[in-house]
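Summary of structural features
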Amino acid sequence: MLATVASRALLGINAPEVTVEIDVSAGLPSVILVGLPDPAVKESKDRIKAALTNSRFQWPVRRLTINLAPAYLKKVGPAFDLPIALGVLAATDQLPQEALAQTTVIGELSLDGAVRPVAGVLPIALACAQSAPGQRLLIPSENALEVASIEGVEIHPVRSLTEAVEMLSGKMPWTPLQKTDPAPVRLSEEGLDFADIKGQLLPKRAMEIAAAGGHNILLIGPPGTGKTMLAKRLSSILPLMTLEESLATTAIHSVAGFTLQKQGLIRQRPFRSPHPTVSDVGLIGGGSIPRPGEVSLAHNGVLFLDELPEFHRNALEALRQPLEDGQVTITRSTHTLTFPAHFMLVAAMNPCPCGYSTDPRRACRCSALQIQKYRNKISGPLWDRMDLHVEVPAVDFAQMTTAGACESSEQVRARVLDARQKQTSRFQPDAIWCNAQMGHRQMKRHVQISGEGRELIKRALTELGLSARAYDKILKVARTIADLGNCDPIKTEHLAEAIQYRSL
């Protein structure tokens, strides 16, 4: 007898449809699993047999053929356990086949029949809501929080195989998940405020510009000058996450398996700070089963690379594509995956190996050759992709012990929000939301400079030896500075301030 169950696979953050076909026929007892399954899926037959037996269902002592269609799509992970088990019950008349109509099923089974959480439930729910509105979706109960605010699909959490069967057979009433409003948006970790940073007026101004325009920023200075403090407080001055941003960010974390601990939507902008020993796969993504890397996990948030020259050269060079395109493309022989990666890059480094070449209070022990070799660890193209290069000087005793109150994150954020609102209105027809994302078409329309400003930037390009990309970066930063100053035209002083952030 033949039975079919609808399910979904994961392909990056996409969730294509998969039809689980179960055929029970006469012949020697055997289980044949086809449809390009990976080892985790192949092992499912043993888990399913134990789960059915321990849940007091009958395992067919006949020839059992399981097909996961379409056959060209690789099936990864244990999420097909529950649909296969329900298909076996339907094919052996232990469950009405019509009960599985208009129902998509995902879930991993334990040996006692409990339904365990799986990765990628949020993108699966979003795909169901988009392609087949109104259908039912059976998911593990521990995944319920992350999909509680999804509209357009009737979600039913189940705790065990027995509960799923009773619900499908009508012995137990359907109890759809109650839709709830997302949790309140969080700014940043509690206690992180710009008011904690003494002095450093120029670096704080640069961080404000970076937040207002979505620009990448490089901080260079001796150890202990506050580079990490500045980076960690950047999230406190960024705009709040919208629901669309929360869904997109949570979908990536769901695919990576980071939402399995009963976590709901991510409502705080991600702040990812990988260790310098991270591999290029860990930073960008990939692997035999492609997973999102740190750049994708930082989507809609901040990626902080401390001690930038200590990172592996291959990992740093792999940053070029996501910095330019806002996405990561991973190509395999059978398929190509794309993970979104719109993030703000904040990098910090010392000016030399010992760290004190720019510190007036301590002598540098490095030779000119050592300093040059240290800085050459960062390639020219990567330097070019950093919008702002900012020197963070040592803080003297008077600044550290000043009793005056410093500007708080709330005050800085008010100016950032005002500038972002201008950009949102400006770029509404272009589907971008900050100055850093402008292309050549938008720049021609929104970045106009006077003859005096043109002469200034021409002289800067000549004397500093800047590239065409650096020219674009200067204009984008100048546009942000003008927005912060409530000026529509870009003035010469805006260009001058933007140029000084490229003088390193």
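Structural notes, computed from the coordinates. Per chain, the residues get numbers from 1 upward, laid out in the order the sequence is written. The model is predicted, so local features are restricted to residues of pLDDT at least 70 and side-chain atom pairs to those at 80 or more, both for listing and for counting; the totals for chains, interfaces and linings are taken over all residues. Only hydrogens and water are set aside; all other atoms, that is, all heavy atoms of the structure, feed into the side-chain values.

Let's talk about the overall build of the protein chain
Within the protein chain, the secondary structure is distributed over 20 helices and 18 strands. Principal-axis analysis of the C-alpha atoms places the extent of the protein chain at approximately 85 × 45 × 45 Å. Two residues qualify as a contact provided that any one of their heavy atoms is within 4.5 Å of a heavy atom in the partner residue. Here the analysis covers contacts within the protein chain between residues at least 6 apart in sequence; of these, 72% occur between residues at least 24 apart. Summing over all exposed atoms, the protein chain offers an accessible surface of approximately 22300 Å²; the carbon and sulfur share of this is 52%. For this count, His and the chain ends are skipped, Lys and Arg are scored as positive, and Asp and Glu as negative. In this description, the location of a charge corresponds to atom NZ of lysine, CZ of arginine, CG of aspartate or CD of glutamate. Computed over 54 positive and 50 negative side-chain charges, the separation of the two mean positions in the protein chain equals 4 Å. Here a helix means four or more residues in a row that DSSP labels H or I, a strand means two or more in a row labelled E, and each is numbered from the N terminus. Note on areas: Shrake-Rupley, 1.4 Å probe, and residue coverage restricted to the protein chains presented here.

Quick word on the layout of surface pockets
In this model, the largest pocket occupies a volume close to 990 Å³. What lines the largest pocket is a set of 39 residues, among which Gly214, His342, Cys434, Ala436 and Gln437 lie closest to the centre. Cavity and pocket criteria rest on a 1 Å grid covering protein atoms alone: a 1.4 Å probe that fits but cannot get out defines a cavity, protein on both sides within 12 Å along at least 5 of 7 lines defines an open pocket, and an atom within 4 Å of a point defines a lining residue. Grid points are joined across faces, edges and corners, and a volume is the space filled by probe spheres set on the points. In this structure, the second largest pocket encloses a volume near 540 Å³. Surrounding the second largest pocket, 26 residues form its lining, Leu10, Val76, Gly77, Val255 and Ile289 being those nearest its centre.

Things to note about the packing of aromatic side chains
Stacked, tilted and edge-to-face are the three classes assigned to paired rings of Phe, Tyr and Trp, where Trp is represented by its six-membered ring and a pair needs centres within 6.5 Å; plane angles under 30 degrees give stacked, over 60 edge-to-face, the rest tilted. A full pass over the atoms with the stated rule returns one aromatic pair. When the centroid spacing of 6.0 Å and the interplanar angle of 35 degrees are considered together, the rings of Phe271 and Phe304 count as tilted. With Phe271 in strand E11 (residues 271-272) and Phe304 in strand E14 (residues 302-305), this residue pair connects regions lying 33 residues apart in the sequence. Type-normalised accessible area, obtained with a 1.4 Å probe on protein chains alone, sets the label of each residue: buried when under 20%, exposed when over 50%, and partly exposed for intermediate values. Assessed through its relative accessible area of 1%, Phe304 is described here as buried. Each ring is checked for a lysine NZ or an arginine CZ that lies within 6 Å of its centre and within 35 degrees of its normal; such an atom marks a charge sitting over the ring. A cation over a ring is seen here: Arg426 above Phe427, with NZ or CZ 5.6 Å from the ring centre.

A closer look at the sheet that holds strand E17 (residues 344-349)
We call two strands paired when DSSP finds no fewer than two bridges between them. Read from one edge to the other, the open sheet built from five strands follows the order E11-E14-E17-E10-E18, with strand pairing classed as parallel. In the strand order of this sheet, the two ends are held by E11 and strand E18 (388-391), each with one partner. Sheet analysis places strand E10 (residues 217-220) next to E17, joined by four bridges and oriented parallel. Within E17, the position partnered with Leu218 by the bridge is Ala347.

Let's talk about the pairing of strand E8 (residues 136-140)
For E8, the tally of buried residues reaches five of five residues, placing the bulk of the element in the interior. Bridge analysis of strand E5 (residues 103-105) against E8 gives three bridges, and the strand direction is parallel. Its bridge partner being in E8, Val105 is matched across the sheet by Leu138.

Here we look at the pairing of strand E2 (residues 17-25)
Here E2 shows a clear split, with Val18, Val20, Ile22 and Val24 buried on one side and none of Glu17, Thr19, Glu21, Asp23 and Ser25 buried on the other. Inspection of the sheet shows strand E1 (residues 2-8) paired to E2 by seven bridges, in the antiparallel sense. Pairing of Thr4 across the sheet is with Glu21, part of E2.

Some remarks on the packing of helix H6 (residues 201-213) against helix H19 (residues 468-484)
As a packed pair, H6 and H19 sit with axes 9 Å apart at the nearest point and diverge in direction by 100 degrees. In this view, H6 runs roughly perpendicular relative to H19, as classed from their interaxial angle. Along its contact with H6, which presents Arg205, Glu208, Ile209, Ala212 and Gly213, the element H19 presents Val477, Thr480, Ile481 and Leu484. Tallied by class, the residues present in the contact of H6 with H19 amount to five nonpolar, two polar and two charged. An axis is simply a line fitted to the C-alpha atoms; with a helix, the fit covers only the stretch in contact. Between two such axes, the angle follows the N-to-C directions and lies from 0 to 180 degrees. Angle categories are assigned with fixed cut-offs, so that under 35 degrees is roughly parallel, over 145 is roughly antiparallel, 65 to 115 is roughly perpendicular, and the rest are oblique. Nonpolar residues are Ala, Val, Leu, Ile, Met, Phe, Trp, Tyr, Cys and Pro. Charged residues are Asp, Glu, Lys and Arg, and all others, Gly as well, are polar.

Regarding helix H4 (residues 121-131)
When you tally the buried positions in H4, you get eight out of 11 residues, the bulk of the element. Within H4, the full set of buried residues consists of Val121, Leu122, Pro123, Ile124, Ala125, Ala127, Cys128 and Ala129. The inward-facing, buried residues of H4 abut E1, E5, E8 and helix H8 (243-255).

Observations concerning unusual backbone geometry
Cis peptide bonds are those with omega within 30 degrees of zero, and the linkage from Ala69 to Pro70 qualifies with 5 degrees. Position of Pro70 relative to the elements: it lies in the loop between strand E4 (63-69) and helix H3 (81-91). For Leu36, which is not a glycine, the phi torsion comes out positive at approximately 60 degrees. Inspection of the secondary structure assignment puts Leu36 in the loop between strand E3 (30-34) and helix H1 (39-42). Overall, Leu36 belongs to the partly exposed group, its relative accessible area being 39%. Located in the positive-phi region is Arg56, a residue other than glycine, with phi close to 70 degrees. Examined against the element boundaries, Arg56 turns out to sit in the loop between helix H2 (44-54) and E4.

Remarks on the pattern of salt bridges
Salt bridges are identified by distance alone: a Lys or Arg side-chain nitrogen within 4 Å of an Asp or Glu carboxyl oxygen. As enumerated under the stated definition, the model contains 22 salt bridges in all. Between Arg415 and Glu208 there is a salt bridge whose closest N-O contact spans 2.8 Å. Taken together, the residues Arg415 in helix H16 (residues 409-426) and Glu208 in helix H6 connect sequence positions 207 residues apart. Given a relative accessible area of 5%, Glu208 falls into the buried group. Two residues, Arg479 and Asp483, come together in a salt bridge whose shortest N-O distance is 3.2 Å. Residue Arg479 and its partner Asp483 are both found in helix H19; the two are separated by four residues, about one turn of the helix. Each member of the pair Arg479 and Asp483 is classed as buried. One continuous salt-bridge network, built from bridges that share partners, spans Glu324, Asp384, Arg385, Arg469 and Arg502.

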